[in-house]
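Close look at the chain arrangement
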Amino acid sequence: MSITTAMPTASPSTFVSSSLPATRTIFSGIKPTGRLTLGNYYGALRRFVDVQNEARCVFSIVNLHALTVEHDPERLRRLTCEVATLFLAAGLDPRACIIVRQSDVPAHTELAYLLESTVYVGELTRMIQYKEKGRGRPMTRASLLTYPALMAADILLYGSTEVPVGDDQTQHLELTRNLAMRFNRTYGEVFVVPELSRAVVAARVRDLATPTTKMSKDAPEESMGTIRLLDPPDVVRRKVMRAVTDAGREVRYDVERQPGVANLLDILAACRGGTDPAGLAGGYSSYGALKREVADAVVAVVAPLQERYAELAADPGYVEETLRLGAERARAMAAPTLAAAKAAIGL
Ligand code: AQP
């Protein structure tokens, strides 16, 4: 397949968002800290693609958030490029939405400081990420404590009305809403208060090996519980076939008592574009039969995405140009909100 068949037919510069309804603005981001998983796809990326023509959309590779824990600069650059390429391979169209590398828009960090001056330390120390990865450790980076203010800035800068994210992001969104309301109350109406938009199915894809935890891109590379979007099909099949199920034999959708099986049904429903994982359970007489169908369904989703990824990766100039134009548009879109926030707070 030639590269042009897999990509938008026009260059990224023929941007059409100005003709879209102004009432809905959607922002979301993915942090380039690991190779993206099926969880990132159904909790976030797939949904970005679904809404890109329905509203003004900004989708970001939030690379500044990758600095909150120990990192390798070269790996970060490589993963940033990989995530941007996956955005396009999954079907994001730079004519329909803004695709932006967070660090290309200085307004994110500038507004983050104003929000750090709005948030309370008590609110930051309550955040799950900080509690799990940093609290009580003297070498914890200060940014691991303060990044929720940056995340709030990411969202509020664009006047976002909706934020499509997985269920694990609920706490961040709540804080963002509180900060927006506090700022507006104290200094005057500047920010739109955003709503969290939940996935109907697979809002929390669980690890195949430990189905009580979420599937995470931070999992060790060799983990059998994490399906990466760029895993070759035979690796995907092996991981699904080895998924932990439960002691019973019956295929039932019971998240509490059979989390492994429920996870497989969630994944199957998501891959088929359905919304009723429980309704699928009756169709299988054994865990083996269910796993084979899940493996086929996941491969059917990732194989075409990987084909497009390979084409795009062969033309890094296109990805870079998309990011350059995304940065230009995002800077222009962010500027009025930042200016209003600075004026309101007394700068
Ligand atoms: N398992 C998941 N199921 C559903 N949605 C998920 N998301 C992540 N995992 C799942 C959603 O993907 C988006 C991007 O997330 P992120 O880059 O901010 O971070 P992450 O992938 O949630 O986090 P990591 O890297 O796995 O580790 P932690 O949790 O330690 O930061 C988000 O919308 C997220 O909900």
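Each value, and the rule that gives it
- Residues numbered from 1 in each chain as written.
- Predicted model: local features only at pLDDT ≥ 70, side-chain atom pairs only at ≥ 80, totals over all residues.
- Heavy atoms only, no water.
- Helix = DSSP H or I, 4+ residues; strand = E, 2+ residues; numbered from the N terminus.
- Buried < 20%, exposed > 50% of the residue type's maximum accessible area, 1.4 Å probe, protein only.
- Areas by Shrake-Rupley, 256 points an atom, 1.4 Å probe, with all protein chains shown as cover.
- Lys, Arg positive; Asp, Glu negative; His and termini not counted.
- Charge placed at Lys NZ, Arg CZ, Asp CG, Glu CD.
- Expected span 1.5 Å × (residues − 1).
- Contact = heavy atoms within 4.5 Å.
- Domains from an automatic or database assignment.
- Buried area = accessible area lost by both parts, 1.4 Å probe.
- Polar contact = N/O pair within 3.5 Å; in protein donor to acceptor, adjacent residues only side chain to side chain.
- Near = heavy atom within 4 Å.
- Nonpolar A, V, L, I, M, F, W, Y, C, P; charged D, E, K, R; others polar.

**Quick word on the overall build of the chain**
- Helices and strands together make up the secondary structure of the chain, namely 13 helices and five strands.
- On the principal axes, the C-alpha backbone points of the chain span a range of 65 × 50 × 40 Å.
- Every one of the 347 residues in the chain was classed for burial, and the buried ones make up 53%.
- With the model as given, the accessible surface of the chain reaches about 15300 Å², and the carbon-plus-sulfur share is 53%.
- Where the 41 positive side-chain charges of the chain centre and where its 39 negative ones centre are 3 Å apart.

**Details of helix α3 (residues 73–90)**
- The terminal C-alpha atoms of α3 lie 25 Å apart, and with 18 residues this matches the ideal 26 Å at 1.5 Å per residue to within 8%.
- Those residues of α3 that are buried lie in contact with β1 (25–30), α2 (38–51), β2 (56–61), β3 (98–101), α12 (287–313) and α13 (316–345).
- Glycine 91 lies just past α3 and shows a positive phi near 120°.

**Quick notes on the domain arrangement of the chain**
- Considered domain by domain, the chain is made up of domain 1 (21–199 + 316–345) and domain 2 (206–314).
- Spacing between the C-alpha centres of domain 1 and domain 2 amounts to 27 Å.
- On the side of domain 2, 23 residues touch domain 1, which itself brings 24 residues to the contact.
- Roughly 2000 Å² of surface becomes buried between domain 1 and domain 2 when both sides are summed, with 63% attributable to carbon and sulfur atoms.
- For the pair domain 1 and domain 2, the number of links is nine residue pairs in polar contact (both at pLDDT 80 or more).
- Looking at the side of domain 1 that touches domain 2, the elements with two or more residues in it are α2, α3 and α13.

**Some remarks on the site of the ligand**
- Taken together, 22 residues form the shell around the ligand, and within it Lys31, Lys133, Asp168, Lys214 and Ser216 come nearest.
- Lysine 217 places a polar side-chain atom, nitrogen or oxygen, 2.7 Å from an oxygen atom of the ligand.
- Summarising the interface, the protein chains cover 95% of the accessible area of the ligand, which totals 660 Å² for the free molecule.
- Of all the elements in the fold, those that place two or more residues in the shell around the ligand are β1, α2 and α6 (128–133).
- Examining the composition of the shell around the ligand, we find that four residues originate from one element, α2, more than from any other.
- Broken down by class, the residue content of the shell around the ligand amounts to six nonpolar, nine polar and seven charged.
- Summarising the domain contributions, the shell around the ligand has at least three residues from each of domain 1 (21–199 + 316–345) and domain 2 (206–314).

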